[in-house]
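# Report on the structure
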Amino acid sequence: MSDQKPILEFRDINTHYGAVHILKEVNLAIYPGEMVCLLGGNASGKSTTLKTLLGMVTPTSGEVVLDGEVVNDKPTSYRVERGITMVPENRRLFKRLSVLENLQLGAYLRTDKDGVERDLERIYSMFPRVKERLSQKAGTLSGGEQQMVAMGRALMADPRVLLMDEPSMGLAPSLVRTNFELIQQIHEEGIAIFMVEQNANMALSLADRGWVLQTGRVVLDDTADALLANPELRKSYLGEA
Amino acid sequence: MNDFLQLCFAGMALGARYALVALGFVVIHRATGVINFAQGSIVALGAYFAFNAHQTWGLPFLLAAIIAVAGCAVVGIIVERLLLRKMSGQPVFSVIMITIGLLFVIDQIITMIWGQDAQNLGDPWGIDTVEAGEIVLAVVDLWAIGLAFLVVGAFFLFFRYSSTGLAMRAVAIDEEAAMARGISVRRVVATAWAIAGSVAAVAGITLASGPAALRPSVGLIALAAFPAMILGGLDSPLGAVLGGFIIGITQTLTAGYQPAHASWLGQDFQSVTPYAVMILILLIRPHGLFGTKEVERL
Ligand SMILES: Nc1ncnc2c1ncn2[C@@H]1O[C@H](COP(=O)(O)OP(=O)(O)OP(=O)(O)O)[C@@H](O)[C@H]1O
Ligand SMILES: [Mg+2]
């Protein structure tokens, strides 16, 4: 990866909610086409990391760098336009809007009508179920179907980096594996994946590299294989005594 | 029977004006969840802008109306920019109190500039009437009804088919999720306030032109438009129009029949009917006639 420049970087990022210090001196980098994961316990700052990357939370110090440019004071729309997209925690579909409208909102900033049409077709072939339910209100879909729409909505932005906040949360165990296969498939199309997961085993078996966050600080930063073998991590996150 | 039809028509004409006021409430509520109590004074401001452009500057009525519409759009944007944006994330109660305060401030500004006396906004509609069978339809009333339908039609197309309209609905449902899609929440909210201002000006002009006189109190009609909006269900443009008609018709029917048939209800009972109808319908349908209940599945 070192021959390429990262798409997205954190340089010594600190984030606060009011007076509460959440992210502490966090450094990370996402390179084109790779799959990386961020692990960490509850309330360790994983979602905050994603929101800071996307510009929904402004860091108190440090730099968020996109394609070599410091984008701290650029709005979320600027980053979405440049290919950064998120599947948020709990998916956050627009429940009262139709499935099609949710997909259209994914492409909100795009001006290439033909490309949008093509991506819609691509999503229909990826998820035939979604195509059958275009006019249904998103809130009435099953959990698995909602996940498909959430992925589809993100892909409609034609992203280079897909940020995923606990994509397997709330899915039936049988769907978790399908969902990871889907992520793998998206990754193989050349989209970089930055995944936040509680399911550390599964995430690390797919990822190239990973970070472990503990109360807002990066405590481990290594290749996925090394992390899988790390006794500390095995003890705290992989459920081994 | 003819009396009855005549009253119903007058009720529709009144209701159309309520509807135009209510549509302004609806668009802001739909995009931001705020109920803007100052809407009524922006209605009055629109009428006075048109008065100023038409009577003081001597511009043609249509041009004056366009200036009023644009002027109120700007007022909407300024109000949002200076006051409401600062309040984002604050308790809804405080936000609502600010809009109530603003109602009185704008009213005061209006009397400072244009005075208390009744003015003549002008009468582009004339006193022409059309006869339909036995009932007489005033052209000015037909205009009001037509404009209400025109505006609600435009709203429908805007929310349904335009990308900004879709973004506005998304922001109303989940601001943060909308932001994550790259939607500029600020721009969407500013657009909603601009639209509400424009509709307020149209409402003000139809309320204060023709046979009616222009007084600062024209904004008070918003108080009767309020039940129309609640009835329609707060976030439904079509509901606002139907709510307006229901309130308007009950009001004119009450004014027409109550003094002779139920005089024990007291004088001026028709000014209470909008609220009586509102209470009744809310008891039966708490979300209004067309309000959306959350569609959720966990
Ligand atoms: N908008 C906010 N305002 C104030 N505090 C917040 C806000 N969002 C998150 N926090 C706090 O910041 C801390 C980190 O939250 P964050 O959502 O980043 O954790 P997380 O690692 O994603 O947790 P989880 O695994 O439970 O999703 C938590 O203590 C949380 O309560
Ligand atoms: Mg989280």
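Scroll up a little and you will see the structure.
Each chain carries its own residue numbering, running from 1 in the direction its sequence is written. To read the labels, note that chains go from A and ligands from 1, taken in the order they are written. Reporting in this predicted model follows two pLDDT cut-offs: at least 70 for local features of residues, and 80 or more for side-chain atom pairs to be given and counted; totals over whole chains, interfaces and linings ignore these cut-offs and use all residues.

Turning next to the site of ligand 1. All names here are of chain A. As a rule, any residue with its backbone-derived C-beta atom within 6 Å of a molecule or strand is reported as near that molecule or strand. Close contacts around ligand 1 come from Tyr17, Ile22, Gly40, Asn42, Ala43, Ser44, Gly45, Lys46, Ser47, Thr48 and Glu89, and that covers them all. For the shell around ligand 1, the element with the highest residue contribution is helix α1 (residues 46-54), accounting for three residues. Each residue gets one of three labels, nonpolar for Ala, Val, Leu, Ile, Met, Phe, Trp, Tyr, Cys and Pro, charged for Asp, Glu, Lys and Arg, and polar for the others, Gly among them. By residue class, the composition of the shell around ligand 1 is three nonpolar, six polar and two charged. Secondary structure elements are taken from DSSP: a helix is a run of H or I of four residues or more, a strand is a run of E of two residues or more, and numbering for both begins at the N terminus.

Bringing the sheet that holds strand β2 (residues 20-30) of chain A into the picture now. Residue and element names in this part refer to chain A. Ordered by their spatial adjacency, four strands build an open sheet running β2-β1-β4-β5, and the pairing between neighbours is antiparallel. Two strands bound the open sheet, and with one partner strand each, they are β2 and β5 (69-70). Strand pairing requires that DSSP identify at least two bridges connecting the strands. As paired strands, strand β4 (residues 61-66) and β5 are joined by two bridges and run antiparallel to one another. In the strand pairing of β5, Val65 is matched with Val70. Along the sheet face, α1 touches β1 (8-17), β2 and β4 and points at about 65° away from the line of β2. Any pair of residues counts as being in contact when their C-beta atoms, constructed from backbone geometry, are within 7 Å of one another. Each axis is a line fitted through C-alpha atoms, taken for helices only over the stretch in contact, and angles between the N-to-C directions span 0 to 180 degrees.

What follows covers the sheet that holds strand β6 (residues 84-87) of chain A. Residue and element names in this part refer to chain A. The six strands are arranged β6-β7-β8-β3-β9-β10 in an open sheet whose pairing can be described as mixed. Edge strands, defined here as strands with exactly one partner in the open sheet, are β6 and β10 (217-223). With strand direction ignored, the average angle separating the axes of adjacent strands in the sheet is 15°. Relative to β10, strand β9 (residues 209-214) is paired through six bridges, and the arrangement is antiparallel. Its bridge partner lying in β10, Gly210 is registered against Asp222. In this fold α1 packs onto β3 (35-40), β6, β7 (161-165), β8 (192-197) and β9, with an angle of close to 150° to the strand it touches most, β7.

Residue and element names in this part refer to chain A. Within the secondary structure, Leu213 is located in strand β9. Put simply, Leu213 and Lys46 are 167 residues apart on the chain and 7.3 Å apart in space, counted from C-alpha to C-alpha. In contact with Leu213, other than residues within four places in its own chain, are Leu38, Gly40, Ser44, Gly45, Lys46 and Val218.

With that out of the way, let us pick up the nonpolar core. Grouped together as the largest cluster of nonpolar side chains are 166 residues, with contacts concentrated most on B:Ala22, B:Leu23 and B:Ala47. Here this core gets 17 residues from one element, more than from any other, and that element is helix α1 (residues 2-32) of chain B. As used here, a nonpolar core is made of buried Ala, Val, Leu, Ile, Met, Phe, Trp, Tyr and Cys residues. They are joined through C-beta atoms within 7 Å. Partly exposed residues are those whose C-beta has more than 12 but fewer than 20 other C-beta atoms within 10 Å; with 20 or more the residue is buried, with 12 or fewer it is exposed, and the C-beta atoms are placed from the backbone.

Further remarks concern the environment of A:Val161. All names here are of chain A. Residue placement: Val161 occurs in strand β7. Residue classification places Val161 among the buried positions, given that 26 C-beta atoms sit within 10 Å. Excluding its chain neighbours within four sequence positions, the residues that come into contact with Val161 are Ile7, Leu8, Ile30, Gly83, Ile84, Ala192 and Phe194.

Our focus in this paragraph is α1(B). Residues and elements named next belong to chain B. The end-to-end C-alpha distance of α1 is 44 Å, a good match for the 45 Å that 31 residues give at a rise of 1.5 Å each. The buried fraction of α1 amounts to 23 of the 31 residues, a majority that puts the element mostly inside the structure. Taken from the residues just after α1, Gly33 is the one with a positive phi, measuring 80°. Multiply 1.5 Å by the residue count of a helix minus one, and that product is the helix's expected span.

Below, the discussion takes up the interface of chain B and chain A. If you look at the interface, chain B gives 19 residues, while chain A gives 23 residues. Among the elements that make up the side of chain B that touches chain A, the one with the highest residue count is helix α6 (residues 163-173) of chain B (six residues).

Here we take up the pairing of strand β1 (residues 129-132) of chain B. Within a regular beta strand, the side chains point alternately toward one face of the sheet and then the other, so they alternate between its two faces. Residue and element names in this part refer to chain B. Relative to strand β2 (residues 135-138), β1 runs antiparallel, the two being bridged by four bridges. Across the sheet, the residue bridging to Val130 is Leu137, located in β2. Taking the residues that link successive antiparallel strands as the turn, the β1-β2 hairpin has two residues, and the phi of Gly133 there is positive, at about 65°.

Residue and element names in this part refer to chain B. Two numbers describe how α1 lies on helix α10 (residues 237-261): the axes approach to 6 Å, and their chain directions differ by 140°. By the criterion of interaxial angle, the relationship of α1 to α10 is oblique. In this structure, the crossing between α1 and α10 has a hand that is right-handed. Taken together, the residues that form the contact of α1 with α10 break down as 18 nonpolar, eight polar and one charged. When describing relative orientation, an angle under 35 degrees is termed roughly parallel and one over 145 degrees roughly antiparallel, while 65 to 115 degrees is termed roughly perpendicular and anything else oblique. Crossing handedness follows the turn of the near helix against the far one: under a right angle anticlockwise gives a left-handed crossing, and clockwise gives a right-handed one.

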